[in-house]
Amino acid sequence: MTILATIIVLGVLIFVHELGHFAAAKAVGVEVQRFSIGLGPKVLGFQRGETEYVLSAIPLGGYVKMGGMDDEVMERLEGGATDAPRIPNERDFDAKPIWARAFVISAGVIMNMLFAFGTYGFLAVNYGVPEYDSTRVGAVVEESLPAGTEALASLDAGSRVLRVGDAETEHWGDVQRLILNAEAGPLTIAFAEPSREVEIRVPEGPEERRDLVGAISAWIEAGVGAVNPGSPADEAGLEAGDRIVAVAGESVENWWEFVEEVEARPGERVELTIVREGRELIRAVTLDSATETRPDGTTVEVGRAGVYPPQLATTYRDVPVREAVAYGYRETVGVTGMIVGFLGDLVTGNISPRSMGSIVTIGEASGQAAAAGFDQFLRFMALFSVNLAVLNLLPIPVLDGGHLVFLGIEAVRGGRGLTVEQRLKWSNVGFLIVVGIMVWALSNDFLRLLGM
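Residues numbered from 1 in each chain as written. Predicted model: local features only at pLDDT ≥ 70, side-chain atom pairs only at ≥ 80, totals over all residues. Heavy atoms only, no water.

Participant: Looking at this structure, how should I read the overall build of the chain?
Facilitator: Counting secondary structure elements, the chain contains twelve helices and 18 strands. Taking the principal axes of its C-alpha atoms as reference, the chain extends roughly 80 × 50 × 45 Å. Within the chain, the proportion of its 452 residues that are buried is 44%. Across the chain, contacts joining residues at least 24 apart in sequence account for 66% of those joining residues at least 6 apart. If you sum the accessible surface of the chain, you get close to 23100 Å²; carbon and sulfur atoms cover 58% of it. (Helix = DSSP H or I, 4+ residues; strand = E, 2+ residues; numbered from the N terminus. Buried < 20%, exposed > 50% of the residue type's maximum accessible area, 1.4 Å probe, protein only. Contact = heavy atoms within 4.5 Å. Areas by Shrake-Rupley, 256 points an atom, 1.4 Å probe, with all protein chains shown as cover.)

As structure tokens, this is what we get:
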């Protein structure tokens, strides 16, 4: 299942990406000589019109070869150079205006984003929008509460929301929507465990309402949902399914308390008390140190263990098509921000380079997603599609982002771009960078498999 799932994920998303380049090139009148899924020598193929459609030997990428797009690296990817010099013509890629070339280069990324957007929307229409199947309060961030809602800071962790106003709540989505849609002014929220009522004043502005909802987090058990490869938790031997009961001797009841204790100890060596299959174990973890910006704009050093929270039980709420479209947009934007944030932390050192994974990590995640069900497999494909789009926008020659940088230089210089020799030189540099990243990621996976 893992191998099949990996082939489907890579095959579909590479096809979607290259289809974007192909369709855009055809739309602006660029000659497309080859459409390849895979790299290296041709395995299967056929000719239709001016384009050769190819399935190549190495299933780790793809490309669209366009007339007049001189690229020595592309010849390497094809497994050989063309056997005859080309006579320039008006359908060459380089003969088109900058806007047309930028459109062609960007189209692959656009298609990956549209695929994610459409997939999330499809899931919402057919399965519903997932909601946390709980109304328990996990934590309240006091400094994020708008004026008039400070009484919420006194809530006990674990309290259940019974009613917001006169409406009863069944899951966390009800809590959020009822607060967001409440009339401005006084609002009574009823809780159980312990039983009490809290009156707040709902602000008028939508931004303040979003701050209010964002300040209240749902209850999540203090446990390990997944471990970031190469992280302190990974090196200490933590595993998915572990339940965390204490950090450095301080007991924790939920995820937010665990995060608070870890963040308070940047760079320290701490002992985590966990429960695994009914047995209590202690694992020593030397925490990473990262810089975090607080809601008030200040920056602080915080500890990081490298674990993700356990998956909450969810229920699915049926939504109309209009809301499904909005959900697809929100999910795509949210996942994009998450991936960009991860890359930023990787560059600044807030996340260990050991966190990078290769085809092995992709394969494991694909297999796990497929085993979880068709909807989870589609959700993983949407996430990976966004990941592919963001990575392709990195300003590295041979990637789409690198080609866009070349076009930007040409635009700034009034139409005088880099020479073919200069582009080939930088493309070779970019090729080495990409190969280096792939080798590093693959070595991380092998070291992880060897327990190192």
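Participant: What is the right way to read the nonpolar core from this model?
Facilitator: Generally speaking, soluble globular proteins have nonpolar side chains that are buried together. In this structure, Val9, Met66, Phe93, Val104 and Phe384 are the most contacted members of the largest nonpolar core, which totals 31 residues. Counting residues per element, the ones that place at least two in this core are helix 1 (2–27), strand 1 (32–48), strand 2 (51–66), helix 3 (98–127), helix 9 (359–372) and helix 10 (374–392). Excluding anything up to four places from it in sequence, Met66 contacts Ala25, Val30, Glu31, Val32, Gln33, Phe93 and Val104. Val224, Leu238, Leu287 and Leu312 belong to the second-largest nonpolar core, a separate cluster that totals 22 residues. (Core = buried A, V, L, I, M, F, W, Y, C linked by side-chain atoms within 4.5 Å.)

Participant: Got a minute to help me understand the packing of helix 9 against helix 10 in this structure?
Facilitator: Packed helix pairs are specified by the crossing angle of their axes together with the interaxial distance, meaning the distance between the axes. Two elements in contact, helix 9 and helix 10, have axes separated by 6 Å at closest approach and are oriented at 145 degrees. Contacts from Ile362, Ala365, Ser366, Ala369, Ala370 and Ala372 of helix 9 reach helix 10 at Asp375, Gln376, Phe377, Phe380 and Phe384. (Axes fitted to C-alpha atoms, helices over the stretch in contact; angles between N-to-C directions.)

Participant: Help me understand the packing of aromatic side chains, please; the structure alone is not making it clear to me.
Facilitator: Scanning all chains against the criterion turns up seven aromatic pairs. With centroids separated by 6.2 Å and ring planes inclined at 40 degrees, the aromatic side chains of Phe35 and Tyr53 adopt a geometry described as tilted. One end of the pair, Phe35, is in strand 1; the other, Tyr53, is in strand 2, with 18 residues separating them in the sequence. A network of ring pairs unites the aromatic residues Phe15, Phe22, Phe35, Phe46 and Tyr53 as a single cluster. Of note, Arg136 hangs over the ring of Trp219, and the distance from its end group to the ring centre comes to 3.9 Å. (Phe/Tyr/Trp six-rings, centres within 6.5 Å; stacked < 30°, edge-to-face > 60°. Lys NZ or Arg CZ within 6 Å of the ring centre and 35° of its normal.)

Participant: Help me understand the pattern of salt bridges, please; the structure alone is not making it clear to me.
Facilitator: Pairing between side chains of opposite charge can happen when their charged atoms approach one another. By the definition in use, this model includes 16 salt bridges. As a salt-bridge pair, Glu50 and Lys26 come within 3.1 Å of each other at their nearest N and O atoms. Taken together, the positions of Glu50 in the loop between strand 1 and strand 2 and Lys26 in helix 1 put the pair 24 residues apart, joining distant regions of the chain. A salt bridge links Asp242 to Arg276, with the nearest nitrogen and oxygen atoms 2.8 Å apart. Taken as a pair, Asp242 in the loop between helix 6 (232–235) and strand 11 (243–247) and Arg276 in strand 13 (residues 269–276) lie far apart in primary sequence, 34 residues in all. With respect to class, Asp242 is no different from Arg276; both count as buried. One salt-bridge network, in which partners are shared between bridges, spans Glu131, Asp174, Arg177, Arg317 and Glu323. (Salt bridge = Lys/Arg side-chain N within 4 Å of Asp/Glu carboxyl O.)

Participant: Sorry if this is basic, but what is going on with the sheet that holds strand 6 (residues 167–168) here?
Facilitator: The strands that make up a sheet pair up through hydrogen bonds in the backbone, lying either parallel or antiparallel. Across the sheet, four strands lie side by side as 6-5-7-8; this open sheet has antiparallel pairing. Edge strands, defined here as strands with exactly one partner in the open sheet, are strand 6 and strand 8 (196–202). On the sheet, helix 4 (residues 172–181) packs against strand 5 (160–164), strand 6, strand 7 (185–192) and strand 8 and is oriented at approximately 40 degrees with respect to strand 5. (Pairing = 2+ DSSP bridges.)

Participant: I'm lost on the side chain of Thr336 in this one. Help?
Facilitator: Topologically, Thr336 is positioned in helix 8 (residues 321–348). What makes Thr336 buried here is its relative accessible area of 19%. In this structure the side chain of Thr336 is engaged in a polar contact, spanning 2.7 Å, whose partner is the backbone oxygen of Thr332. Not counting residues within four places of it along the chain, the set of residues in contact with Thr336 comprises Met113, Val386 and Val390. (Polar contact = N/O pair within 3.5 Å; in protein donor to acceptor, adjacent residues only side chain to side chain.)

Participant: Teacher, can you tell me more about the sheet that holds strand 11 here?
Facilitator: The four strands are arranged 12-11-13-14 in an open sheet whose pairing can be described as antiparallel. The open sheet has two edge strands, strand 12 (250–251) and strand 14 (279–286), and neither has a second partner. Where helix 7 (residues 255–263) meets the sheet, its contacts fall on strand 11, strand 12 and strand 13, and the angle it forms with strand 11 comes to roughly 40 degrees.

Participant: Please explain the environment of Arg34 as it appears in this structure.
Facilitator: Following the sequence through the fold, Arg34 ends up in strand 1. Taking the C-alpha atoms as reference, Arg34 lies 9.0 Å from Gln47; in sequence the two are 13 residues apart. Side-chain polar atoms of Arg34 contact the side chain of Tyr63, separated by 3.1 Å.

Participant: Whenever I open this one, a nonpolar patch on the surface confuses me. Can you help?
Facilitator: Together, Ile110, Leu114, Phe117, Val125, Val321, Val325, Tyr329 and Val333 give the surface a local cluster of nonpolar side chains, amounting to about 720 Å² of exposed area. Looking at the nonpolar patch, the elements that each hand over two or more residues are helix 3 and helix 8. Within the fold, Val333 resides in helix 8. (Patch = residues over 30% accessible without salt bridge, like charges linked within 9 Å, V, L, I, M, F, W, Y side chains within 5 Å.)

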